[in-house]
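Remarks on the overall topology
This is what each chain is made of:
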Amino acid sequence: MENKKEMRQWLNNFGLDHPLVIGGPCSAETEEQVLKIAHELKDTDVTVYRAGIWKPRTRPGMFEGVGAIGLAWLKKVKEETGLLTATEVANKDHVKLAIDNDVDILWIGARSTVSPFIMQEIADALNGTEKIVLVKNPVNPDLALWLGGVERLYTANIKNLGLIHRGFSTYEKTKYRNIPEWQIAIEVKNKFPDLPMICDPSHIAGRRDLILDISQAALDLNFDGLMIETHWDPDNAWSDAAQQVTPKRLVEIMKNLKVRKVTDDAEAYQNELNTLRAQIDVIDQTLLDTLGKRMRVASKIGEIKLSNNVAVLQNKRWNEILGKMILEGQDRDLSEEFILRVFKAVHQESINKQEKILNS
Ligand code: PEP
Ligand code: MN
């Protein structure tokens, strides 16, 4: 699969002068709920209405979706509001039902992208379709698995493709439900710049107060659109209650977002610069987090040294680390001088931390 300008044709056909917005509830619950939300989103920047019909739940015993009956509700949404519709498909039966019921956009959820068997089953069922198919990243931060999913669809002659970045699960507790790991999305974007990339801040955040900031970060990274879970009564939603926003709040979020348009050369330059700076900000944040983590580990070592009465500086170990880093630095086009300066500074900070512990 190679990058092709045609990849964005389906998005260009929408003729939008702003990023694509997909709004709608996590799950279709009742016909009334589906239609009420759709009507509230009708005269906004929302182009596509989402609603999960079949819900993949990590643990059993939770609401697993209304099933095929909800497809008729989505048809009504289209008739009554003119919004396009989207739902998740996770096997060949879902694909058939969604297509037979005129759903416009099918997305593949994070728990499906993770499985090459499921991806292949879906690709086979969709073979040659003109439908727009969006592939969410797999639950784990595995770039190849994500791209592999897209490649399986592309090979099955499905050309109206796009990606949804919904963050990645971690064992570590963070403020996010799924950490963004923006660098993975950036890597995919660099590889396939014309493949539309949509951010799903709802599933990254897991809570509604983070959605605006995550959406802005995505737009600063030049994402093509946003998928935001929207419910008329978020707190009482049957799934993902904490992360859903009201239609009114969605409109507010859209108004608050700064979109950088490309209209002439000066702006194109500025836009590119902003995108790259946003990438740098993400990387710097990661660097800081990593440095913080390293120092916490160094402090733990300090405590062990204290209880074993061992000297802070272990020269042999330090020279080994340095030699290894200089070699690995070469592979990354980083000069020996730079590596020495950075790692000496890092090492010094570790020593300071340990000294403090040993002298406490
Ligand atoms: C969803 O969009 O409601 C959903 C289940 O998302 P994900 O596959 O990203 O977890
Ligand atoms: Mn959801």
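Residues numbered from 1 in each chain as written. Chains lettered and ligands numbered in written order. Predicted model: local features only at pLDDT ≥ 70, side-chain atom pairs only at ≥ 80, totals over all residues. Heavy atoms only, no water.

To continue, consider the coordination of the manganese ion (ligand 2). Within the protein, the manganese ion (ligand 2) binds to Cys 26 (SG), His 203 (NE2), Glu 229 (OE) and Asp 240 (OD); these donor distances fall in the range 2.1 to 2.4 Å. When the donor residues of the manganese ion (ligand 2) are listed from N- to C-terminus, their spacing reads C-x176-H-x25-E-x10-D. Taken together, the residues span a long stretch of sequence, with Cys 26 in the loop between β1 (20–24) and α2 (31–41) and His 203 in helix α9 (residues 201–205) at a distance of 177 residues. You can call His 203 buried: its relative accessible area is 8%. (Donors = N, O, S within 2.8 Å, 3.2 Å for Na, K, Ca; no water. Helix = DSSP H or I, 4+ residues; strand = E, 2+ residues; numbered from the N terminus. Buried < 20%, exposed > 50% of the residue type's maximum accessible area, 1.4 Å probe, protein only.)

A separate point is helix α13 (residues 315–331). Look at α13: 25 Å from first C-alpha to last across 17 residues, which is about the 24 Å you get at 1.5 Å a residue. For α13, the set of buried residues is Trp 318, Ile 321, Leu 322, Ile 326 and Gly 329. All buried residues of α13 lie within an arc of 135 degrees about the axis, which places them on one face of the element. For α13, exposure combined with an orientation more than 90 degrees from the buried face picks out Lys 316, Arg 317, Leu 327, Gln 330 and Asp 331. Of the surrounding secondary structure, the elements contacted by the buried residues of α13 are α14 (336–358). Backbone geometry just downstream of α13 places Asp 333 in the positive-phi region, at approximately 65 degrees. (Expected span 1.5 Å × (residues − 1). Arc of directions from axis to C-beta. Contact = heavy atoms within 4.5 Å.)

In this section: the environment of Arg 59. Within the secondary structure layout, Arg 59 lies in the loop between β2 (46–50) and α3 (69–81). For the pair formed by Arg 59 and Gln 183, sequence separation is 124 residues and the distance between their alpha carbons is 29 Å.

What follows is about helix α12 (residues 265–308). The end-to-end C-alpha distance of α12 is 64 Å, a good match for the 64 Å that 44 residues give at a rise of 1.5 Å each. Considered for burial, the residues of α12 that qualify are Asn 271, Thr 275, Ala 278, Gln 279, Val 282, Met 295, Ala 298, Ser 299, Gly 302 and Lys 305. Where the residues of α12 are buried, they touch α8 (182–191), α10 (211–220) and α14. Looking one or two residues beyond α12, the residue adopting positive phi is Asn 309, at roughly 55 degrees.

Another point: the site of ligand 1. All residues in the neighbourhood of ligand 1 are listed as Cys 26, Arg 50, Lys 55, Glu 88, Trp 107, Gly 109, Ala 110, Arg 111, Lys 136, Arg 166, His 203 and Glu 229. Contact between ligand 1 and Arg 166: an oxygen atom at 2.6 Å from a side-chain N or O atom of the residue. Glu 229 places a side-chain nitrogen or oxygen 3.2 Å from an oxygen atom of ligand 1. Taken by itself ligand 1 offers 300 Å² of open surface, and the protein chains cover 98% of this. Each residue belonging to the shell around ligand 1 can be placed in one class, and the counts come to three nonpolar, two polar and seven charged. (Near = heavy atom within 4 Å. Polar contact = N/O pair within 3.5 Å; in protein donor to acceptor, adjacent residues only side chain to side chain. Areas by Shrake-Rupley, 256 points an atom, 1.4 Å probe, with all protein chains shown as cover. Nonpolar A, V, L, I, M, F, W, Y, C, P; charged D, E, K, R; others polar.)

One can read the domain layout of the protein chain as domain 1 (5–259) and domain 2 (267–358). Of note, the centres of domain 1 and domain 2, computed from C-alpha atoms alone, are 37 Å apart. Tallying the contact residues gives eight residues for domain 1 and eight residues for domain 2. The largest share of the area that domain 1 buries against domain 2 comes from Ile 186, Leu 221 and Asn 222, three residues that together contribute 51% of it. The interface formed by domain 1 and domain 2 holds one salt bridge in total. (Domains from an automatic or database assignment. Buried area = accessible area lost by both parts, 1.4 Å probe. Salt bridge = Lys/Arg side-chain N within 4 Å of Asp/Glu carboxyl O.)

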